[in-house]
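# Structural characterization, general
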Amino acid sequence: MLRIHFSAEDLSRIRLAPGPDPAWETLLSLHVLASHDNDIGMLGWRTRMRGSLDPSARPLLRLAPPRGYSPDFLTPAAGTTCTESGIEAILSTPRTQLRTDLATLGQEQRLPSWADALAQGDPGALRGLGSALRRYQRQALEPHWTQITSAVDAERSARARAFLSGGTEELLNSLHPAVRWSPPVLEVAYPHPQDLFLQGRGLFLVPSYFCRGTPISLRDGSLTPVLVYPINRDAHSLTLDQTAYAPGADTLARLLGRTRAATLLLIADAQDATGGEIARRLDISPASASEHATVLREAGLIRSLRVRNTIRHTLTPLGVELLEGPLPAGFGNGARLDAHC
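Throughout, a residue's number is its position along its own chain's written sequence, starting from 1. Only residues with pLDDT of at least 70 get local features here, since the model is predicted, and only at 80 or more are side-chain atom pairs given and counted; chain-wide, interface and lining totals rely on the full set of residues. The basis for every side-chain value is the complete set of non-hydrogen atoms in the structure, without hydrogens or water.

### Remarks on the overall build of the protein chain
- What the protein chain contains, in helices and strands, is 14 helices and 11 strands.
- The buried label applies to any residue whose accessible area, calculated with a 1.4 Å probe on protein chains only, is under 20% of its type's maximum; exposed applies above 50%, and partly exposed to all values in between. Of all 341 residues assigned to the protein chain, the portion counted as buried reaches 49%.
- For the protein chain, the proportion of contacts with a sequence separation of at least 24, taken over those separated by at least 6, is 71%.
- Per-residue and other accessible areas follow the Shrake-Rupley method at a 1.4 Å probe size, with only the shown protein chains counted as cover for residues. As displayed, the protein chain offers around 15,800 Å² of accessible surface, 52% of which is attributable to carbon and sulfur atoms. Secondary structure follows DSSP: runs of H or I at least 4 residues long count as helices, runs of E at least 2 residues long count as strands, and numbering of each begins at the N terminus. Whether two residues are in contact is decided by their heavy atoms: any pair within 4.5 Å suffices.

Spelled out as structure tokens, the structure:
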């Protein structure tokens, strides 16, 4: 249980992030990428990213294990919606914090050989970290940033309505099912016991698209207090932009049409997708899902097998071959991460 202790002054200093925080979305998306959970809403994104992740970005996975501690310096507590400002804040982390955070990580897992140079603030190591973060954000987040922003904006509007209808109590109680306001303490379901005393600093609330399970906070209680919590992303799936990660995606979308290309990719990800699953994840009607599947089947790209009352779709060798090829440089139709810098 995480217990966040408020004073009257803290209650007047609750702030809500103005939009998605690139640093937190980067860290939490790395957790999703390395995890093996059954979050169907992230399955397609995770599958595509695992198959196409830029090698220079792979070291980030060693800094962000899906369970346990991730270094606090990867998510600067000030919070920003500008990717470059966030990266600069990370690279400006004091050496004492670099050493402390990486030593804490080293207590839970074996650190790679380059971690020592990073802990010492070596300029070359910091440049490498900055380059890895920029490449990863461009590949993993930027193509979907419009949808991520839309989902976070919807959550912010919902919290504003909660505050207007019931004040601070309703705002805090409505954050997430794992959160309960028991004045003067905010109780959060947490994997280990932790007490956070705000002491007049207030609390910075960060709604996150890639946060999964329960809300999280920084390990170091001396840093600016923050609570990052999962939003409801049911109506804001990344599925329609999965073509951004498919080899030959631009050509595939022009050849098949964007929704049909997304249907083919979904079938590839799910391996035996049903018509109902296609309709739900692409937010289209069952009749439309059936029509797309029929066209793909007639083109020899998928095969369909009836199992009792359900039809399941899988790729044919031709469908697999069509999805192979080089990743087109610069593909993506989402808003840029740094659009509001």
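### With respect to empty space enclosed by the protein
- Cavity means a closed set of points on a 1 Å grid over the protein atoms alone, one where a 1.4 Å probe fits but cannot get out, pocket means an open set with protein on both sides within 12 Å along at least 5 of 7 lines, and lining means a residue has an atom within 4 Å of a point. Grid points are joined across faces, edges and corners, and a volume is the space filled by probe spheres set on the points. In the structure shown here, the tally under the stated rule is 2 cavities of 30 Å³ or more.
- Reported here for the largest cavity is a volume of approximately 80 Å³.
- Together, A23, T26, L27, L30, L60, L63, L74, I90, L133 and Q137 line the largest cavity.
- Elements supplying a minimum of two residues to the lining of the largest cavity: helix 2 (22-34), helix 4 (60-63) and helix 8 (123-141).
- Among the elements that line the lining of the largest cavity, the one with the most residues is helix 2, at 4 residues.
- Gly is put with the polar residues, along with every residue not named as nonpolar or charged; the nonpolar set is Ala, Val, Leu, Ile, Met, Phe, Trp, Tyr, Cys and Pro, and the charged set is Asp, Glu, Lys and Arg. Each residue belonging to the lining of the largest cavity can be placed in one class, and the counts come to 8 nonpolar, 2 polar and no charged.
- Approximately 40 Å³ is the volume found for the second largest cavity.
- L196, S217, L218, D220, G221, L223, T224, P225 and V226 are the residues that line the second largest cavity.

### Focus: helix 6 (residues 95-106)
- To estimate how far a helix should reach, multiply one less than its number of residues by 1.5 Å. End to end, helix 6 covers 16 Å across 12 residues, agreeing with the expected 16 Å (1.5 Å per residue, within 8%).
- Taken together, the buried positions of helix 6 are Q97, L98, D101, L102, T104 and L105. Down the axis of helix 6, the buried set is contained in an arc of 155 degrees. They therefore lie on one face. Exposed positions of helix 6 whose direction lies more than 90 degrees from the buried face are R95 and T96.
- Against the buried residues of helix 6 lie helix 4, helix 7 (115-119) and helix 8. It is the directions from the helix axis to the C-beta atoms whose arc is reported.

### Quick word on the packing of helix 2 against helix 8
- A fitted line through C-alpha atoms represents every axis, and for helices the fit uses only the stretch in contact; the resulting angles, taken between N-to-C directions, go from 0 to 180 degrees. At a minimum axis separation of 11 Å, helix 2 and helix 8 run at an interaxial angle of 75 degrees. In terms of orientation, helix 2 lies roughly perpendicular with respect to helix 8. Residue-level inspection shows P22, E25, T26, S29, L30 and L33 of helix 2 in contact with helix 8, the latter providing L133, Y136, Q137 and L141.
- When grouped by side-chain class, the residues that make up the contact of helix 2 with helix 8 number 6 nonpolar, 3 polar and 1 charged. Our angle categories are set so that under 35 degrees counts as roughly parallel, over 145 as roughly antiparallel, 65 to 115 as roughly perpendicular, and the remainder as oblique.

### A closer look at the sheet that holds strand 7 (residues 216-217)
- A pair of strands is treated as paired once DSSP finds two or more bridges between them. Ordered in space as 2-6-8-7, the 4 strands form an open sheet in which the pairing is mixed. Each end of this open sheet is capped by a strand with a single partner; those strands are strand 2 (14-16) and strand 7.
- Note: strand 6 (residues 203-208) against strand 8 (residues 226-230), 5 bridges, orientation parallel. Across the sheet, the residue bridging to P207 is Y229, located in strand 8.
- Helix 2 rests against strand 6, strand 7 and strand 8 of the sheet, and its axis sits at about 55 degrees to strand 6.
- Where helix 9 (residues 145-173) meets the sheet, it contacts strand 2, strand 6 and strand 8, and its direction lies at approximately 160 degrees from that of strand 2.

What is shown is where atoms sit, not what they do.
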